[in-house]
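# Breakdown of the fold
Each chain, written out:
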Amino acid sequence: MSTITAEEIAVAPVETGFWTRSRKVGVGLAAAGVLAAIVFGALATSQTARFTLSEDAQGAALSIDGTFGAILFGLIAAVAGAAMFTDRWFPWLLGVGIVGFVLSFLCWQISDAPAGQNFMPLVNMVRGTFLLAVPLIFGALAGVLCERSGVVNVAIEGQLLMGAFAGALVGTMAASAWIGLIAAAIGGAFVSLLLAIFTIRYLVDQVVMGIVLNLLALGLTGFLYERLMQTDQAKYNQPPHFGSWEIPLLKDIPVLGPALFRSNLFLYLALILVLVVHIALFRTRWGLRTRSVGEHPTAADTLGVRVLGLRYRNVLLAGVVAGIGGASYTLLLYSFTKNMIGGKGFIALAALIFGRWSPTGALLAALFFGFADQLGVYLGAINSIIPSQFLAMLPYLATILAVAGLVGRVRAPAADGKPYIKG
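By the naming in an unreviewed UniProt entry, the protein chain is ABC transporter permease, taken from Phytohabitans maris. Under the UniProt heading Subcellular location (unreviewed entry), the entry covering the protein chain gives this text: "Cell membrane".

Right, let's get into helix 7 (residues 206-229). With 24 residues, helix 7 ought to run about 34 Å at 1.5 Å a step, and its terminal C-alpha atoms sit 32 Å apart, in line with that. What helix 7 keeps buried is the set Gln206, Met209, Gly210, Leu213, Asn214, Ala217, Thr221, Gly222, Tyr225 and Met229. Next to the buried residues of helix 7 lie helix 5 (156-174), helix 6 (177-201), helix 8 (233-236) and helix 14 (344-354). The backbone nitrogen of Val207 has a side-chain oxygen 3.1 Å away, supplied by the residue at the start of helix 7, namely Asp205.

The next point concerns the pattern of salt bridges. Scanning the entire structure with this criterion turns up six salt bridges. Residue Lys344 pairs with Asp373 through a salt bridge whose shortest N-O separation is 3.7 Å. Of this pair, Lys344 sits in helix 14 while Asp373 sits in helix 15 (residues 359-381); the two residues are 29 residues apart in sequence, bridging distant segments of the chain. By relative accessible area, which is 15% here, Lys344 ends up buried.

This part takes up the packing of helix 3 (residues 90-111) against helix 15. The contact between helix 3 and helix 15 brings their axes to 12 Å, and the two run at 15°. Viewed along their axes, helix 3 and helix 15 adopt a mutual orientation that is roughly parallel. Here helix 3 and helix 15 pass one another in a crossing that is left-handed. Every residue of helix 15 that contacts helix 3 at Val102, Phe105, Leu106, Gln109 and Ile110 is listed here: Phe371, Leu375, Tyr378 and Leu379. Looking at side-chain class alone, the contact of helix 3 with helix 15 contains eight nonpolar, one polar and no charged residues.

Rules behind the numbers
Residues numbered from 1 in each chain as written. Predicted model: local features only at pLDDT ≥ 70, side-chain atom pairs only at ≥ 80, totals over all residues. Heavy atoms only, no water. UniProt positions renumbered as here; feature names shortened; annotations may be inferred. Helix = DSSP H or I, 4+ residues; strand = E, 2+ residues; numbered from the N terminus. Expected span 1.5 Å × (residues − 1). Buried < 20%, exposed > 50% of the residue type's maximum accessible area, 1.4 Å probe, protein only. Contact = heavy atoms within 4.5 Å. Polar contact = N/O pair within 3.5 Å; in protein donor to acceptor, adjacent residues only side chain to side chain. Salt bridge = Lys/Arg side-chain N within 4 Å of Asp/Glu carboxyl O. Axes fitted to C-alpha atoms, helices over the stretch in contact; angles between N-to-C directions. Parallel < 35°, antiparallel > 145°, perpendicular 65-115°, else oblique. Left-handed = near helix turned anticlockwise from the far one by under 90°. Nonpolar A, V, L, I, M, F, W, Y, C, P; charged D, E, K, R; others polar.

Right, here's the structure in full:
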């Protein structure tokens, strides 16, 4: 195994022309920053925009005049975009530019809010961001496990949905959230088992099979919901919920403490899994074999790696992870409803791509999409003039912009989506 390259990463061709990727993005960011300074600055009011370090309007806060803040942060975004012409520090400048644009927008929205609502509680924003990102983190990790092994996982939506359904049904019948969690993992693994059998054994197109499994999960859970859950909610669809777990000392850290360390099992488990999968993928023999199977299965096979067996195991493990993510809906906050995942599986797939098939990258991408979702909730709460339909579109618009405009040239594992036929 020592002769197998850990990861044959393809290096994107060096852009020798003037309009490199950094400069193209820089132009767009600079234009967006100037537009934000002009438009948001004109729409903002002189009311103070307060970013409180608590869960309400009380306590310490970061305050700024609405008009001044909208113009200032817009100009910061524009300067960050202009600085990209140096072709250096691309990720950092991009991050500064995006944050500047968002803050410019928020200065307008907060200062223009009705009297008494000119504040944003940062604790609630951070807590909501992580809460909404939890199923995306699990789904993206399921994608990492599959696609690093060479199997495209478009069935994340179905795995999340089946996990949510199984968790609610079995959890209610057993009157145990823990048993419901185990059932959710099995439900996600069931969808993964079908994906593995048809794509690895019978060589069915992996993308097509993923779509079919999503439709199967939607139809099966919808049918059982109508036949069982709707007829007797108390018996089949009132699952017990996990409560909040507090971590001493850490819970008292300003902003992050109440948001992260007074949270629930699923958030803690998601963050632990990101760390575990990252270490396992890049620091263990299993990870070396997984990446070699995803990059060059023929070479891995000649050195004794059981390619098909490893793919089967990793796809099933991905289903378990996604099933637990689905349970975060029904064993934490809600009871089950038809199609309750609502496309989050596809956003998780986008987070996987945006995160460049890396566990930590997928985590950051999931948080980005979670923030977009939470921002829509917050703007609706302060009666923003932006139509509610547009606010509901925010996470999906963020997905399109991120994947189409910010990812740039990325390469999936070389064998991703290619069936392996043992010679």
